[in-house]
Amino acid sequence: MGTVEAPEQTSKSKTSNTERITGAEAVVRILIEEGVDLAFGYPGGAIMPVYDSLYDYQEKIHHVLARHEQGASHAAQGYARACGKVGVCLATSGPGATNLITGLADAQIDSTPVVCITGQVASSLLGSDAFQETDVIGISMPVTKWNYQVTRAEEIPDALAKAFYLARSGRPGPVLVDITKDAQFGELDFDYIKCTSVRSYIEKPKLDLSKIEEAAELINNAERPYILFGQGVILAQAEKEFKTFIEKTGIPSAWTIMGLSALETDHPLNVGMLGMHGNYGPNLLTNECDVLIAIGMRFDDRVTGNLSKYAKQAKVIHLEIDPAEIDKNVKTTVAVLGDAKESLTELTKLVKPNSHEEWLQRFRDCDKQEWEKVIDEELHPKSEILSMGEVIRIINDKTGGDHILVTDVGQHQMVACRYTKFTQSKSNITSGGLGTMGFGLPAALGAALGAPERTVIAVVGDGGFQMTLQELATIYQTKAKVKVLLLNNEFLGMVRQWQQLFFDKRYSSTEMINPDFQTIAKGFYIPTNKVTERYNLEAAIEEFVNHDGAYFLEVMVGKENNVFPMVPSGSGVAEIRLE
């Protein structure tokens, strides 16, 4: 939405329960009313009244002191993605607020529900370039679903009610509410009513059953149908409905990086990963299917490659909650607007039981080619040099796929997502659309606090890790059981791969002269180990996985290993390279 439209004023009458309290206390009371028991943030002058009020509610809201506001925003994302609740972060004005912007942009493109509350200078100083004043509303407008600046205490309940409703409803996303300091100090008659609707905002499009019928007819008559599923399946909590649908129709199904874990890895109809570094068959056969069914995904350029060469032979069915995504990149034959859970439920009623064994075999034949050319060597390297893939393979063996994977961005991200085995949903947390280096460590912290009963493994590279490694201090302070796996190739690996393949090995500013990561981890009081040779790799990973608490494991991997398959930039998906 990204507007500064004022929140609707709800008609309220005073009741015997109405209290006269400060705006700052109202903020904290509203968080409790909205079910918030954990918030991430960093205090400062303009948000100090809210932090002062938090002091009296420590038993109801646990505040996690991040070491940087960007870390707080990514932790809120990881928390939301792991447990399905709205992530909350707090920051002060000026640099505190601007440090949230990367996290907001990441949450916006990856549809993560986050509410950010920032302090602002007093309303009388707005526009005067006061100390630590920035126009955070103007700055954040392009990267939020909605934002609003509060200048009076009386506005706080309606603004925050709308913020939480918009963050979690429909296609989720981040919102920001900026509250001036005088509004925090000011008083109001507190009476909170949760928001359940907003004028002109359609939470879920009404399902058009005629479109369901059109889609079912195409599917029933298809000879080579193919499903692409994304995070929309997870956000709609439609995993069960999705599985029922594919098992009834027998349609091969491939996932986007954000849709990973919506369907267990070993399901016979799960044919693998889409995209630039996805599996061979899912990319190649996109241009051979006759009906392409996209569910809760947005046809990102990393999935489609060159659009002029993308699935031109196919009739396209798109199940999507956001009308803005329909026909934005790929022209649809049938667009089914609605919540994925509802759409799949109705569609499953109309499709006929089927199997597509010959078509599915095409994917398995491609799997065999990819195994021989790429996967076998990646998972079981004959070289003495350790590979990222074999590390992930051993982790799978030790966890049984029953863990939350949180990745940073780069080669390790692609390898981890390609080879990690998953048995349940909400198990893959990564920066998909924005590709934010530095995301992994703080997001893993949030995930560990959001799902403390699960093992959380952060897979990071030496480049991205150094962008937010200060959050090791937050991990130590919170006692979060984050297991950090650093795959160290002493390069900005993904950029180096492109330089090797497309820039004649001109390695410009990509080689890393790194610090002693072991000493750094020990400096944050986190147990640590380092592996440089294969003989002790498995034992080190077993200790890493089984340790009761945070742990840091560094594995030295091949400096110039590449991630294949690969769809070169500007190429079509059928031009995917195995080497």
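How each quantity is defined
Residues numbered from 1 in each chain as written. Predicted model: local features only at pLDDT ≥ 70, side-chain atom pairs only at ≥ 80, totals over all residues. Heavy atoms only, no water. Salt bridge = Lys/Arg side-chain N within 4 Å of Asp/Glu carboxyl O. Helix = DSSP H or I, 4+ residues; strand = E, 2+ residues; numbered from the N terminus. Buried < 20%, exposed > 50% of the residue type's maximum accessible area, 1.4 Å probe, protein only. pLDDT = per-residue confidence, 0-100. Contact = heavy atoms within 4.5 Å. Pairing = 2+ DSSP bridges. Axes fitted to C-alpha atoms, helices over the stretch in contact; angles between N-to-C directions. Expected span 1.5 Å × (residues − 1). Bend = angle between axes of the 7 residues up to and from the residue. Parallel < 35°, antiparallel > 145°, perpendicular 65-115°, else oblique. Left-handed = near helix turned anticlockwise from the far one by under 90°. Nonpolar A, V, L, I, M, F, W, Y, C, P; charged D, E, K, R; others polar.

In this section: the pattern of salt bridges. Oppositely charged side chains can form a pair if their charged atoms are brought close together. For the structure on display, the rule yields 33 salt bridges. The salt bridge involving Arg-168 is made with Glu-34; its shortest N-O contact spans 3.1 Å. Pair noted here: Arg-168 is in helix H7 (residues 156-168) and Glu-34 is in the loop between helix H1 (23-33) and strand E2 (38-41), with a separation of 134 residues, a long-range link. Judged by its relative accessible area of 42%, Arg-168 is partly exposed. The residue Lys-349 makes a salt bridge to Glu-346 at a minimum N-O spacing of 3.2 Å. With a gap of three residues between them, Lys-349 and Glu-346 both fall in helix H14 (residues 340-350), about one helical turn apart. Judged by relative accessible area, Glu-346 falls into the partly exposed class, the value being 25%. Connected via shared salt-bridge partners are Arg-171, Asp-322, Glu-325 and Lys-328.

Bringing the confidence of the model for the chain into the picture now. A residue-level look at the chain finds 97% of positions with pLDDT of 70 or above and a mean pLDDT of 95. Every residue in residues 9-16 is under pLDDT 50, and counting partners more than four places away or in other chains gives ten contacts.

Whenever strands of a sheet pair, they do so through backbone hydrogen bonds, lying parallel or antiparallel. The strand order across the open sheet built from six strands is E3-E2-E4-E5-E7-E6, with neighbouring strands paired in parallel fashion. This sheet does not close on itself; its edge strands, each paired only once, are strand E3 (62-65) and strand E6 (146-150). Neighbour-to-neighbour, the strand axes of the sheet open up by a mean angle of 20°, direction not taken into account. Here two bridges tie E2 to strand E4 (residues 87-91), and the two strands are oriented parallel to one another. Across the sheet, residue Gly-41 finds its bridge partner in E4, namely Leu-90.

What follows deals with the pairing of strand E12 (residues 291-295). Of all five residues in E12, five are buried, a share of seventy percent or more. With burial as the criterion, each face of E12 is covered, one bearing Val-291, Ile-293 and Ile-295 and the other bearing Leu-292 and Ala-294. In terms of strand pairing, strand E9 (residues 225-229) meets E12 through five bridges, oriented parallel. Looking at E12, one finds that Tyr-226 is bridged to Leu-292. In this structure, E12 lies alongside strand E13 (residues 315-320), joined through five bridges in parallel fashion. From the neighbouring strand, Ile-295 faces E13, where its bridge partner is Leu-319.

In this section: helix H15 (residues 357-379). When the terminal C-alpha atoms of H15 are compared, their 28 Å separation across 23 residues is substantially less than the 33 Å that a helix rising 1.5 Å per residue should span. The largest bend along H15 measures about 60° and falls at Trp-371. Where H15 is concerned, the buried positions are Trp-359, Leu-360, Phe-363, Cys-366, Glu-370, Val-374, Ile-375, Glu-378 and Leu-379. Lining the buried residues of H15 we find E9, strand E11 (270-273), helix H12 (280-284), helix H16 (388-399) and helix H17 (411-419).

Attention shifts here to the sheet that holds E11. Overall, parallel pairing links the six strands, which are arranged E11-E10-E9-E12-E13-E14 in an open sheet. Every other strand in the sheet has two partners, leaving E11 and strand E14 (334-337) as the edge strands with one partner each. Strand-to-strand twist in this sheet, taken as the mean axis angle between neighbours without regard to direction, amounts to 20°. Of the strand pairs in this sheet, E13 and E14 are connected by four bridges, and their pairing is parallel. By the bridge assignment for E14, Glu-320 is matched with Leu-337. Set on the sheet, helix H9 (residues 209-221) makes contact with E12, E13 and E14; between it and E14 the angle comes to about 130°. Lying on the sheet, H15 is in contact with E9 and E11; it crosses E11 at an angle near 45°.

Between H16 and H17, whose axes approach to 9 Å, the crossing angle comes to 40°. One finds that H16 runs oblique with respect to H17. In terms of crossing hand, the pair formed by H16 and H17 is right-handed. Counting all contacts with H16, which are made through Met-388, Gly-389, Ile-392 and Asn-396, the residues of H17 involved are Gln-411, His-412, Val-415, Ala-416 and Tyr-419. Of the residues that constitute the contact of H16 with H17, the class distribution is five nonpolar, four polar and no charged.

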